[in-house]
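Observations on chain architecture
Letter by letter, the chains look like this.
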Amino acid sequence: MCTSIYQIAIDGTHMLSRTMDWPSLENAPIYLPRNFKWQTRFNHHTYSNEYAIVGGGNYRGMRANVSDGVNEYGLCGQKLTFANGARLMSERNADKTQLAAFEFVLWALGNCRSVDELIEKLPQVELMDDTNSDTKYGYPELHFAFADKTGRIVVIEPTQNPMRVIDNPLGIVTNSPHFEKQLDRLKKYVEFSPAFLRGNVPLNTAKVTTGSLSGKSIPPGSYSPGARFIRAAYFKERANQPADESESLVSSWRLLDGVTVPKNTDHQPTYSVYRSATTSESRSFYFQAYNQMTVTKLQLTDNLLKRTTPIMYEVSNQPHVIDLNHSGDLE
């Protein structure tokens, strides 16, 4: 599951937000410093990240996980479930960077400054199944969204080797393979701009549809990947362009409301255990667990960059309610 939404504010702020749909809350805000060392579960090779990261994840000893985050150069990344779409590799190759798929965001944010640099390095990376791994972890099917300060946003799919890169000026990602088919189905609900149809949308274009809905269908209401893709795109294109980072956060949260999966364990095991957003310019990470109802912010400041040890922050997954009867104002 999971839904990703990218927004560009009037002042040039770039924000990449998402829901994390999973059976349980396993991530929290984390800081990983420069030169952070970790071992891949595939072959226990030790990597040392060049760049610091803040984001949502966890770590223990030499094992680390980053599901979404931003690094010190403003590169933002997310991993999302990719149902029946991944083509993982099996054979060991000492000349390649071989990772479990769920480690790719950790590696990318730790070693790339921009989307362009990440694309340049993709041929050296292989995402591995556990056929020949040191530890068993199954066949994790994931794909990835990355964006940076230039306004370029891409989807990276492990459907081939090297991995496939798709420019995504629409800025929406869910979980289905065949990205082009999802865009084609979306034509039933929106009218794409001529530049989008030609495939030459300029960077930092906030809207890629004309705004005309004449004769178009109403988006579906289910929580399937296809329905969430349509709904997220439809409402993002209709929403006001946010002015700045603060408005981008509010807009992202309201758009994510429309694709947030409620807890309904009698019918399905996954729900939106948290939502998050990253901002390239301020290097900020916003986090809200399912029960939290308030937003936690972690910014990769120059002062935080001086820290040489990782931090995993404890965030209460409980609602915080302002009780006016006990605030003193009514007494």
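Look up a bit, the structure's there.
Residues numbered from 1 in each chain as written. Predicted model: local features only at pLDDT ≥ 70, side-chain atom pairs only at ≥ 80, totals over all residues. Heavy atoms only, no water.

Focus on the packing of helix α3 (residues 179-186) against helix α5 (residues 225-238)
Helices that pack against each other are described as a pair by the angle of their axes relative to one another and the distance between those axes. Look at α3 against α5: their axes get within 10 Å of each other, and the N-to-C directions meet at 60°. As the angle between them shows, α3 and α5 are arranged oblique. As for how α3 packs across α5, the hand of that crossing is right-handed. Counting all contacts with α3, which are made through F179, Q182, L183 and L186, the residues of α5 involved are F229, I230 and A233. For the contact of α3 with α5, the residue count by class is six nonpolar, one polar and no charged. (Axes fitted to C-alpha atoms, helices over the stretch in contact; angles between N-to-C directions. Helix = DSSP H or I, 4+ residues; strand = E, 2+ residues; numbered from the N terminus. Parallel < 35°, antiparallel > 145°, perpendicular 65-115°, else oblique. Left-handed = near helix turned anticlockwise from the far one by under 90°. Contact = heavy atoms within 4.5 Å. Nonpolar A, V, L, I, M, F, W, Y, C, P; charged D, E, K, R; others polar.)

Examining the environment of Y271
Relative to the assigned elements, Y271 resides in strand β15 (residues 271-279). Classification of Y271 by relative accessible area gives buried; the value is 9%. Distance in space between the C-alpha atoms of Y271 and M1 is 8.3 Å, their sequence separation being 270 residues. (Buried < 20%, exposed > 50% of the residue type's maximum accessible area, 1.4 Å probe, protein only.)

Structural notes on the layout of surface pockets
Estimated volume of the largest pocket: approximately 570 Å³. Broken down by secondary-structure element, the contributors of at least two residues to the lining of the largest pocket are β2 (14-22), β6 (53-60), β7 (63-71), β8 (76-81) and β15. Sort the elements by how many residues they give to the lining of the largest pocket and β7 lands first, with four residues. Contributing to the lining of the second largest pocket are 25 residues, with D167, N168, P169, L170 and V201 lying nearest its centre. Elements with a minimum of two residues in the lining of the second largest pocket: β1 (3-8), β13 (164-167), α3 and α4 (194-198). Its residues assigned to classes, the lining of the second largest pocket comprises 14 nonpolar, seven polar and four charged. (1 Å grid on protein atoms, 1.4 Å probe; cavity = no way out; pocket = protein on both sides within 12 Å on 5 of 7 lines; lining within 4 Å. Points joined across faces, edges and corners; volume = space filled by probe spheres on them.)

Notes on the sheet that holds β8
Strands sit in the order β13-β12-β11-β8-β7-β6-β3-β18 across an open sheet of eight strands; the sheet is antiparallel. A single partner strand is all that each edge strand has here, and the edge strands are β13 and β18 (311-312). Pairing of strand β11 (residues 142-147) with strand β12 (residues 153-157), which is carried by four bridges, proceeds in the antiparallel orientation. Bridge assignment links A147 to a residue of β12, and that residue is I153. Sitting on the sheet, helix α1 (residues 104-111) touches β3 (28-32), β6, β7, β8, β11 and β12, and the angle it makes with β7 is about 55°. (Pairing = 2+ DSSP bridges.)

Thoughts on the nonpolar core
Ranked by internal contacts, the top residues of the largest apolar core, which has 56 residues, are V54, L170 and L186. In terms of residue count, the dominant contributor to this core is α5 (five residues). Apart from the residues within four sequence positions on either side, L170 is in contact with L183, L186, F196, V208, F229, A233, K236 and E237. (Core = buried A, V, L, I, M, F, W, Y, C linked by side-chain atoms within 4.5 Å.)

A closer look at the packing of aromatic side chains
Inspection of every chain in the model, using the stated rule, returns 13 aromatic pairs. Connected via pairs of aromatic rings, a cluster forms that spans F104, W107, F144 and F146. Positioned over the ring face of F42 is R92, at 5.2 Å from the centre of the ring. Positioned above the aromatic ring of Y223, the side-chain terminus of R231 is 5.6 Å from the ring centre. (Phe/Tyr/Trp six-rings, centres within 6.5 Å; stacked < 30°, edge-to-face > 60°. Lys NZ or Arg CZ within 6 Å of the ring centre and 35° of its normal.)

What about the pattern of salt bridges?
By the definition in use, this model includes 12 salt bridges. A salt bridge links D167 to R152; the shortest N-O distance between them is 2.8 Å. You can see D167 sitting in strand β13 and its partner R152 sitting in the loop between β11 and β12, a full 15 residues away along the chain. With relative accessibility at 43%, the residue D167 sits in the partly exposed group. Across the salt bridge formed by E157 and R164, the nearest N and O atoms sit 3.6 Å from each other. The class for R164 is partly exposed, based on a relative accessible area of 26%. One connected set of salt bridges, linked through shared partners, spans D116, R152 and D167. (Salt bridge = Lys/Arg side-chain N within 4 Å of Asp/Glu carboxyl O.)

Re the sheet that holds β15
One open sheet holds the six strands; their spatial order is β14-β1-β2-β15-β16-β17, and the pairing between them is antiparallel. The strands lining the two open edges of the sheet, one partner per strand, are β14 (172-173) and β17 (296-299). Two elements, β1 and β14, share two bridges in a ladder whose sense is antiparallel. Each residue of the ladder has a partner; that of S4, found in β14, is V173. Lying over the sheet, helix α6 (residues 245-257) contacts β1, β2, β15, β16 (284-289) and β17, oriented at roughly 30° with respect to β2.

Considering unusual backbone geometry
Looking along the chain, the bond that leaves N161 and enters P162 is cis, with omega of 0°. Within the secondary structure, P162 sits in the loop between β12 and β13. Residue H178 is not a glycine yet carries a positive backbone phi of 60°. Mapped onto the elements, H178 comes out in the loop between β14 and α3. Unlike most non-glycine residues, M293 shows phi in positive territory, near 70°. Within the secondary structure, M293 is located in the loop between β16 and β17. Using a relative accessible area of 59% as the deciding quantity, one classes M293 as exposed.

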